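Letter by letter, the chains look like this.
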Amino acid sequence: MGIIERMRLDGKVSFITGGARGIGKAIATAIAEAGSDVAIIDLDMEEAEKTAKEIEMLGVKAIAIQADVTKEEEVDHMMQIILDTFGKLDVAFCNAGICMNIPADEMTYEQWKKVIDINLNGIFLSSQAAAKVMLKQKKGSIINTASMSGHIVNVPQPQCSYNASKAGVIMLTKSMAVEFAKKGVRVNSISPGYIGTELTLQSPTLKPLIEQWNEMAPLGRMGRPDELQAIAVYLAGDTSDFTTGSDFVIDGAFTCF
């Protein structure tokens, strides 16, 4: 069997939080194209159902689940639905997140807590719930969305809470990877650079920032959501069995200087 065939995800079950649109939708689509059944997790149930229907057209089973990843009881309920529907879980893509561009001296504590709660605590709860299932199975792959912002301080926008949360995701990933290494469960993270999602590109407030980001970028442009798909499929599959505790920076060399 060749490498392409071995990278297939036929028979696997995956969930993607924040999967209704943007990066999450791109990853869900790629994983489904590789053969995995998927659960689309999002607060926006209408958009999640729309995405699930599109994915089912690829020939796999897809369901939509509404869940707030910052609430333990909702994450537990999400996992129960997945197990009741599919009977197992092979891949967890913990992706839900937000960003607030507010100066540190002006940010309220409530704003700080909201970003940390979704971006870090939500990743913890989602990955922990997945790990509990995978550890019993003695096999599974957890993939967390971090960011190049966990490695650098972005300019010109002030986003201390986002940067701190994503740095936390990277260390959470490494810590869980070491804990689970001998138990069959792998944990890795993907750190995208600036990605041109539909919402980002259509935002009038971000247009001046995008121009500045592109001037700073070695490649002179933002990335596309589909440019994150290959690494996600690789990490989801069995060909990456020796890959755990790694953070993959996909940023067009933005953090190289």
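You'll find the structure just up there.
Residues numbered from 1 in each chain as written. Predicted model: local features only at pLDDT ≥ 70, side-chain atom pairs only at ≥ 80, totals over all residues. Heavy atoms only, no water.

### With respect to the overall build of the protein
Link 1 in the chain: A count of helical and extended segments in the protein gives nine helices and seven strands.
Link 2 in the chain: Over its C-alpha atoms the protein spans a radius of gyration of 17 Å, differing by no more than 12% from the 18 Å that the globule rule assigns to 257 residues.
Link 3 in the chain: When its C-alpha atoms are laid out on the principal axes, the protein stretches across 45 × 40 × 40 Å.
Link 4 in the chain: The 257 residues of the protein split such that 51% are buried.
Link 5 in the chain: Across the protein, the fraction of contacts at a sequence separation of at least 24, relative to all contacts at a separation of at least 6, is 72%.
Link 6 in the chain: Summed over all atoms, the accessible surface of the protein reaches about 12100 Å², with 55% contributed by carbon and sulfur.
Link 7 in the chain: Taking the average place of the 24 positive charges on the side chains of the protein and the average place of its 32 negative ones, the gap between the two points comes to 6 Å. (Helix = DSSP H or I, 4+ residues; strand = E, 2+ residues; numbered from the N terminus. Rg over C-alpha atoms; globule rule 2.2 N^0.38 Å. Buried < 20%, exposed > 50% of the residue type's maximum accessible area, 1.4 Å probe, protein only. Contact = heavy atoms within 4.5 Å. Areas by Shrake-Rupley, 256 points an atom, 1.4 Å probe, with all protein chains shown as cover. Lys, Arg positive; Asp, Glu negative; His and termini not counted. Charge placed at Lys NZ, Arg CZ, Asp CG, Glu CD.)

### Regarding the sheet that holds strand 6 (residues 185-192)
Link 1 in the chain: Spatially, 3-2-1-4-5-6-7 is the arrangement adopted by the seven strands of the open sheet, whose pairing is parallel. Sheet topology places strand 3 (62-66) and strand 7 (247-250) at the edges, where each strand pairs with a single neighbour. Neighbouring strand axes in the sheet, compared pairwise and without regard to direction, differ in orientation by 15° on average.
Link 2 in the chain: Here strand 5 (residues 140-145) pairs with strand 6 via six bridges, running parallel. (Pairing = 2+ DSSP bridges. Axes fitted to C-alpha atoms, helices over the stretch in contact; angles between N-to-C directions.)

### Let's talk about the side chain of Thr145
Link 1 in the chain: By the secondary structure assignment, Thr145 is in strand 5.
Link 2 in the chain: A distance of 2.9 Å separates a polar atom in the side chain of Thr145 from a polar atom in the side chain of Asn95.
Link 3 in the chain: Setting aside residues no more than four positions away along its own chain, Thr145 makes contact with Phe93, Cys94, Asn95, Ile123, Lys166, Val169, Ile190 and Pro192. (Polar contact = N/O pair within 3.5 Å; in protein donor to acceptor, adjacent residues only side chain to side chain.)

### Considerations on helix 4 (residues 72-86)
Link 1 in the chain: For helix 4, spanning 15 residues, the distance from its first C-alpha to its last is 21 Å, which sits close to the expected 21 Å at 1.5 Å a residue.
Link 2 in the chain: Here helix 4 has its buried residues at Val75, Met78, Met79, Ile82 and Phe86. Projected down its long axis, helix 4 carries its buried residues within an arc of 95°, all on one side. Of the exposed residues in helix 4, those oriented more than 90 degrees away from the buried face are Glu73 and Asp84.
Link 3 in the chain: The secondary structure elements touched by the buried residues of helix 4 are strand 1 (13-17), strand 2 (37-42), strand 3 and helix 5 (109-137). (Expected span 1.5 Å × (residues − 1). Arc of directions from axis to C-beta.)

### Examining the pairing of strand 1
Link 1 in the chain: Summarising burial for strand 1: five of the five residues are buried, a large majority.
Link 2 in the chain: Taking every second residue as pointing to the same face, both faces of strand 1 are buried, with Val13, Phe15 and Thr17 on one and Ser14 and Ile16 on the other.
Link 3 in the chain: For strand 1 and strand 2, the ladder comprises five bridges, and the chain directions are parallel. Across the sheet, Phe15 pairs through a bridge with Ala39, a residue of strand 2.
Link 4 in the chain: In the classification by handedness, the crossover that spans strand 1, the intervening helix 2 (residues 22-33) and the parallel strand 2 is right-handed. (Right-handed = clockwise from strand over helix to strand, strands pointing away.)

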